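Each chain, written out:
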Amino acid sequence: MTRLTRADLDGLPAYVPGRNLADLTRELGIAEAVKLASNEVPYGPLPGVAEAVSEAVLSSHRYPDMGAVELREALAARLGVSADRIVTGCGSVALAEILVKATALPGDEIVYAWRSFEAYPIISAGVGATSVRVPNTPGHAHDLDAMAEAITDRTRLVFVCNPNNPTGSAIRKAELDRFLAAVPSDVLVVLDEAYRELVTDPDVPDGVQTYADRPNVVVLRTMSKAWGLAGLRMGYLVAQPGEATAIRKVLTPFSTSIVAQAAALAALKQEDEVRRRCALVVAERERVTEALRKLAIDVPSSQANFVWLPLGDRSAAFGQACESRGVIVRPFQTDGVRVTIGTPEENDLFLAAAEAALEG
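In this text the structure is predicted, and so the values were computed from the model without any measurement. By convention here, each chain's residues receive numbers from 1 onward along its written sequence. Under the rules for a predicted model, residues below a pLDDT of 70 receive no local features and side-chain atom pairs below 80 are neither given nor counted, while totals for whole chains, interfaces and linings still include all residues. The side-chain numbers reported here are obtained from all heavy atoms of the structure, hydrogens and water having been left aside.

(A) Structural detail: the domain arrangement of the protein. Where each domain begins and ends follows an automated or database-derived domain assignment. Domain annotation for the protein reports domain 1 (18–44 + 270–359) and domain 2 (49–268). If you average the C-alpha positions of domain 1 and of domain 2, the two centres end up 25 Å apart. Each partner contributes to the interface: domain 1 provides 24 residues, whereas domain 2 provides 25 residues. A quick way to say it: buried area is the sum, across both parts, of accessible area lost when two parts are put together, with a 1.4 Å probe. A combined buried area of about 2100 Å² lies between domain 1 and domain 2, and 57% of that area is made up of carbon and sulfur atoms. Taken as a group, Glu271, Gln303 and Trp308 account for 27% of the area that domain 1 buries against domain 2, more than any other trio of residues on that side. Here a residue-residue contact requires only that any non-hydrogen atoms of the pair lie within 4.5 Å.

Structure below.
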């Protein structure tokens, strides 16, 4: 049979979402399980979002505003930048894919830390670019000096995930300043700040406020996490006007739906509630971290809404043991396990499962 798809896709890893709750409850024969695998915020839609979505659905037989003008203006006002610098898309991962598409051709190089966001190798290979993976430090953080050394004349884009998914580590300003000074001006640096709202370390810079005026920096954000819109797919980026215009040319037309735009506009009116919810997550993040350290797990400090358990070869077994007790977590091969911070009750269930798993 004639092959109709690219042969190199056989070696491309598939993106692995967190396991489905319904599958686990059916498998275990239990009424309810807890999912702490996908970095969602557990507190439901923000006030006004469901109503905005219901109203927007009434117009869903029409195409959305392809330019997302009202939404871009609202984001611009919040961020203190001009609206022509903002591009919206179907989640920040879709925009990361678009950025690779807009910068790289087959044979070009994309540099990123590893382990980091698992979509980076997939979207790099999607355009035929070469992934250059730079190992994290022993402390599970980006090795920015090594990343700078990995840049060649073939490098077109560098992803810097801050805080890093899945390890939760964050890069401080002095280190990031030094790295950006070392990056050639013709290489795009993408600061992927999906978890920015959960950052509490004052030395971790806000990419928009600190670096977005640099010509070769793009700041990537999402409304899937702190803003509670994971199921509605809304992300945005901040770039220089010329780069933003070029990026829009390769966007999938109408990819920011009517419903997503309406939901995002409603969510942006709830900043105080977002801060309140983030504070709850942060408090639980600290509690869970300390509890895990008491179980002799060397958990690094996290600036996101998850914690990283560097369990190495024990990762898969730990994940399976947690699932057997109705708690879904996210093992990453032989590297470690990422655990989302849930409600206090969900976190207690996880900690009990973790203790049992480690004793076993």
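(B) Layout of helix α4 (residues 92–103). Under the scheme used here, helices are H or I runs from DSSP no shorter than 4 residues and strands are E runs no shorter than 2 residues, and both carry numbers assigned from the N terminus. How far a helix is expected to stretch is found by multiplying one less than its residue total by 1.5 Å. For α4, with 12 residues, the first-to-last C-alpha span of 16 Å sits near the 16 Å given by 1.5 Å per residue. Burial status follows relative accessibility: with a 1.4 Å probe on protein chains alone, a residue under 20% of its type maximum counts as buried, one over 50% as exposed, and anything between as partly exposed. Along α4, the residues classified as buried are Ser92, Leu95, Ala96, Ile98, Leu99 and Val100.

(C) Geometry of the packing of helix α11 (residues 271–294) against helix α13 (residues 344–359). Inter-axis angles, ranging from 0 to 180 degrees, are taken between N-to-C directions of lines fitted to C-alpha atoms, where helices are fitted over the stretch in contact. Packing of α11 against α13 leaves a shortest axis separation of 11 Å and a crossing angle of 10°. Accordingly, the angle class assigned to the pair α11 and α13 is roughly parallel. In the crossing of α11 with α13, the sense of the turn from one axis to the other is right-handed. The segment α11 lies against α13, with Glu284, Arg287, Val288, Ala291 and Leu292 engaging Pro344, Asn347, Asp348, Phe350, Leu351 and Ala354. The residue inventory of the contact of α11 with α13, partitioned by class, reads 7 nonpolar, 1 polar and 3 charged. We call two directions roughly parallel when the angle between them is under 35 degrees, roughly antiparallel when it is over 145, roughly perpendicular when it lies between 65 and 115, and oblique otherwise. Crossings are sorted by hand: turned counterclockwise from the far helix by less than a right angle, the near helix makes the crossing left-handed, and turned clockwise it makes it right-handed. When residues are grouped by polarity, Ala, Val, Leu, Ile, Met, Phe, Trp, Tyr, Cys and Pro land in nonpolar, Asp, Glu, Lys and Arg in charged, and all others, Gly among them, in polar.

(D) Local environment of the sheet that holds strand β3 (residues 109–114). Whether two strands pair comes down to DSSP finding at least two bridges between them. Spatial strand order, β2-β8-β7-β6-β5-β3-β4: 7 strands in an open sheet with mixed pairing. What marks the edges here is a single partner per strand, and that holds for β2 (86–89) and β4 (130–135). Taking the axes of each pair of neighbouring strands and ignoring which way they run, one obtains an average angle of 20° across the sheet. Here strand β7 (residues 217–222) pairs with strand β8 (residues 235–238) via 4 bridges, running antiparallel. Pairing of Arg221 across the sheet is with Tyr236, part of β8.

(E) Up close: the packing of aromatic side chains. Pairs were defined over the aromatic rings of Phe, Tyr and Trp, the Trp ring being its six-membered one, requiring ring centres within 6.5 Å. Orientation was assigned from the angle between planes: stacked under 30 degrees, edge-to-face over 60, tilted for the rest. Summed over all chains, the structure comprises 8 aromatic pairs. Here Tyr195 and Phe306 contribute two aromatic rings whose centre-to-centre distance is 5.1 Å and whose plane-to-plane angle is 80°, an arrangement assigned as edge-to-face. Here Tyr195 is found in the loop between β6 (188–192) and α8 (207–211), whereas its partner Phe306 is found in strand β9 (residues 306–309), with 111 residues between them in sequence. Judged on exposure class, the residue Tyr195 and its partner Phe306 are both buried. Taken together, a centroid distance of 6.4 Å and an interplanar angle of 75° make the contact between Phe318 and Phe350 edge-to-face. A residue pair is termed long-range when its members are at least 10 positions apart, and Phe318 in helix α12 (residues 315–324) and Phe350 in helix α13 qualify at 32 residues. In this structure Phe350 comes out as buried when scored by relative accessible area, which is 1%.

(F) A look at the layout of surface pockets. One number sums up the size of the largest pocket: a volume of about 440 Å³. Here a cavity means grid points, on a 1 Å grid over the protein atoms only, where a 1.4 Å probe fits yet cannot get out; a pocket means an open set of points with protein on both sides within 12 Å along at least five of seven lines; lining residues are those with an atom within 4 Å of a point. Lining the largest pocket are 24 residues, and of these Tyr15, Ser38, Phe117, Lys225 and Arg233 lie nearest its centre. Of the residues belonging to the lining of the largest pocket, the class tally is 9 nonpolar, 8 polar and 7 charged. Residues from two domains meet in the lining of the largest pocket; each of domain 1 (18–44 + 270–359) and domain 2 (49–268) gives at least three. Grid points are joined across faces, edges and corners, and a volume is the space filled by probe spheres set on the points.

(G) Region of the structure containing the packing of helix α3 (residues 69–79) against helix α10 (residues 258–267). At their nearest, the axes of α3 and α10 sit 10 Å apart, and the two run at 25° to each other. Classified by the angle between their axes, α3 and α10 sit roughly parallel to one another. Judged by the twist between their axes, the crossing of α3 over α10 is left-handed. Counting all contacts with α3, which are made through Glu70, Leu71 and Ala74, the residues of α10 involved are Gln261, Ala264 and Leu265.

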